[in-house]
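Each chain, letter by letter, is given below.
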Amino acid sequence: MKNLVINAENANQRLDKFLLKYLNQSSKAFIYKMLRKKRIKLNNKKAEGNEILQPSDVLSFYISEETLDSFKSEKILKLNRPKHLEIIYEDSNILIINKEQNLLSHPESKNDKDSLIDRILFYLHEKNEFDLSKNSVFTPALCNRLDRNTTGIVICGKNLAAVQEINRAISDRKISKYYFALVSGVVKENKTIQTSYYKDSDSNTAFLLQGSGNDNEIVTIIEPISNYNNYTLLRINLVTGKSHQIRLHLKSIGNPIVGDRKYGDEKINRIFEKIVKRQLLHAGEIIFSQMSGNLEYLNNKKFTSTLPRDFEFALKYVGKL
């Protein structure tokens, strides 16, 4: 038998989720089988798996050390050398990164050897803030993500409590996220776009649905900043945070983003094809409010990311059209 005492870093998560990370080579079916057969107990009692772990809880494994060890493996870094990582802010709990274009937030397949999270994990490992050993349970995680060719601010939690608090704050809309986009057409007034939404994972394409008021409702607020002939620079409040939401909403009101190959206007894109290789969408601001717990110190803090060079160049270009 082996006993494992839960520390503060691993508390406040479901037992089954902890076990899947601790025994990272096991299946969910195996975890539940061990719980059902009382081969894994919580505080010397039968556990269901949905219990929330607390500091000083004791997990008892009635499994041989050899078997336990076979279900654990060291974490592997995909990168073997540092790659560009523009850090906007860092403390012991979070990293705020400015993501460049043509970079995935997370790998989409086994063949993806470089992503933003891979660069962050390499960086944190080099700082001795990410443990690759078999007994390590937590892996730093992104709390928001951007499309490959959307640039700007991404938040990474360095510990479980930070990830949970950031995710909760985003869900409760205590973190405001603002984007900038160059769109075709003249927008003169603020607008709130509120629709229902569906994402087809096979085609990686989002669609609008009729009606509203369901779990798939999405809300985007747009504010015109500047007009350039027949184009507008928008500041966008992403109220909800569904994949492709901004791009889809702007298309729906007749103001597609310049350079957007999926939801944009092909004629407009051809005008810019020599200077723009992506959708001109940039996550430029985040504002923290009503944060609690270990992240209360972030209250009322604002972090910004300046427009990238290709975006600035496009603004000069449209001013001359």
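Quick caveat, the model's predicted, so the values are computed rather than measured.

> With reference to specific residues and values, describe helix α4 (residues 116-126).
Of all 11 residues making up α4, eight are buried, and the element is well covered by its neighbours. Regarding α4, the residues found buried are L116, I117, D118, R119, I120, L121, F122 and L124. In this structure, the buried side of α4 is in contact with β5 (86-90), β6 (94-99), β7 (141-142) and β8 (151-157). In the stretch just after α4, N128 is the one whose phi turns positive, near 60°.

> Let's hear about the packing of aromatic side chains: which residues, and what values?
What characterises a pair of aromatic rings is the spacing of the ring centres plus the angle enclosed by the ring planes. A full pass over the atoms with the stated rule returns eight aromatic pairs. Their ring planes at 20° and their centres at 6.4 Å tell us that Y198 and F207 sit as a pair that is stacked. Ring centres 5.4 Å apart and planes at 80° place the aromatic pair Y231 and F272 in the edge-to-face group. Of this pair, Y231 sits in strand β13 (residues 231-238) while F272 sits in helix α7 (residues 266-272), and the two are 41 residues apart along the sequence. Taken individually, Y231 and F272 each receive the classification buried, so the pair is uniform in this respect. Taken together, the ring pairs connect F18, Y22 and F61 into an aromatic cluster. Above the face of the Y178 ring, R235 is positioned so that its terminal group lies 3.9 Å from the ring centre.

> Help me get a handle on empty space enclosed by the protein, residues and values and all.
Counted by the stated rule, this structure contains one cavity of 30 Å³ or more. Put simply, the largest cavity is a space of about 40 Å³. Around the largest cavity, the lining residues are N144, I153, K177, Y178, Y179, A283, E285 and I286. Of all the secondary-structure elements, those providing two or more residues to the lining of the largest cavity are β9 (175-184) and β14 (281-288). Here the residues of the lining of the largest cavity are counted per class, giving five nonpolar, one polar and two charged.

> Please provide a residue-by-residue account of the layout of surface pockets, values included.
Counted as a void, the largest pocket has a volume near 1200 Å³. Lining the largest pocket are 42 residues, and of these R145, D147, K242, S243 and H244 sit closest to its centre. Secondary structure elements with two or more residues in the lining of the largest pocket: α5 (160-171), β9, β13 and α6 (245-252). The dominant element in the lining of the largest pocket, judged by the number of residues it contributes, is β9, at four residues. A breakdown of the residues in the lining of the largest pocket according to their chemical character gives 11 nonpolar, 17 polar and 14 charged. The calculated volume of the second largest pocket comes to roughly 390 Å³. Around the second largest pocket, the lining comprises 19 residues; the ones closest to its centre are E9, F138, K158, N159 and L160. When its residues are assigned to classes, the lining of the second largest pocket shows eight nonpolar, seven polar and four charged.

> An account of the nonpolar core is needed here, citing residue identities and associated values.
Counting residues in each nonpolar core, the largest one holds 44 residues, and the members touching the most others are I120, L182, I236 and L250. If near-sequence neighbours (up to four positions away) are discounted, L250 is found in contact with A181, V183, I222, L234, I236, N255, P256 and I257. Formed by 21 residues, the second largest nonpolar core is a distinct cluster that contains A11, I31, L42 and L68.

> Give a detailed account of the pairing of β8, specifying residues and quantitative values.
Judged by how many residues are buried, β8 sits mostly within the fold: seven of seven residues are covered. The pairing of β6 with β8 spans six bridges and is classified as antiparallel. The residue bridging I94 from the neighbouring strand is G157, located in β8. Pairing between β7 and β8: two bridges, direction antiparallel. Across the sheet, the residue bridging to L142 is C156, located in β8. The pairing of β8 with β14 spans two bridges and is parallel. Bridge pairing links G152 to A283 in β14.

> Could you give an account of unusual backbone geometry, naming the residues involved and the relevant values?
Both trends apply: most residues other than glycine have a negative phi, and most peptide bonds are in trans. With a phi angle near 55°, N102 is a residue other than glycine that sits in the positive phi range. Inspection of the secondary structure puts N102 in the loop between β6 and α4. With relative accessibility at 52%, the residue N102 sits in the exposed group. Residues other than glycine seldom take positive phi values, yet N229 does so here, at roughly 55°. Looking at where N229 falls in the secondary structure, it is placed in the loop between β12 (217-228) and β13. According to the relative accessible area criterion, N229 is partly exposed, its value standing at 48%.

Procedures and definitions
Residues numbered from 1 in each chain as written. Predicted model: local features only at pLDDT ≥ 70, side-chain atom pairs only at ≥ 80, totals over all residues. Heavy atoms only, no water. Buried < 20%, exposed > 50% of the residue type's maximum accessible area, 1.4 Å probe, protein only. Helix = DSSP H or I, 4+ residues; strand = E, 2+ residues; numbered from the N terminus. Contact = heavy atoms within 4.5 Å. Phe/Tyr/Trp six-rings, centres within 6.5 Å; stacked < 30°, edge-to-face > 60°. Lys NZ or Arg CZ within 6 Å of the ring centre and 35° of its normal. 1 Å grid on protein atoms, 1.4 Å probe; cavity = no way out; pocket = protein on both sides within 12 Å on 5 of 7 lines; lining within 4 Å. Points joined across faces, edges and corners; volume = space filled by probe spheres on them. Nonpolar A, V, L, I, M, F, W, Y, C, P; charged D, E, K, R; others polar. Core = buried A, V, L, I, M, F, W, Y, C linked by side-chain atoms within 4.5 Å. Pairing = 2+ DSSP bridges.

Coordinates in, geometry out; function isn't part of it.
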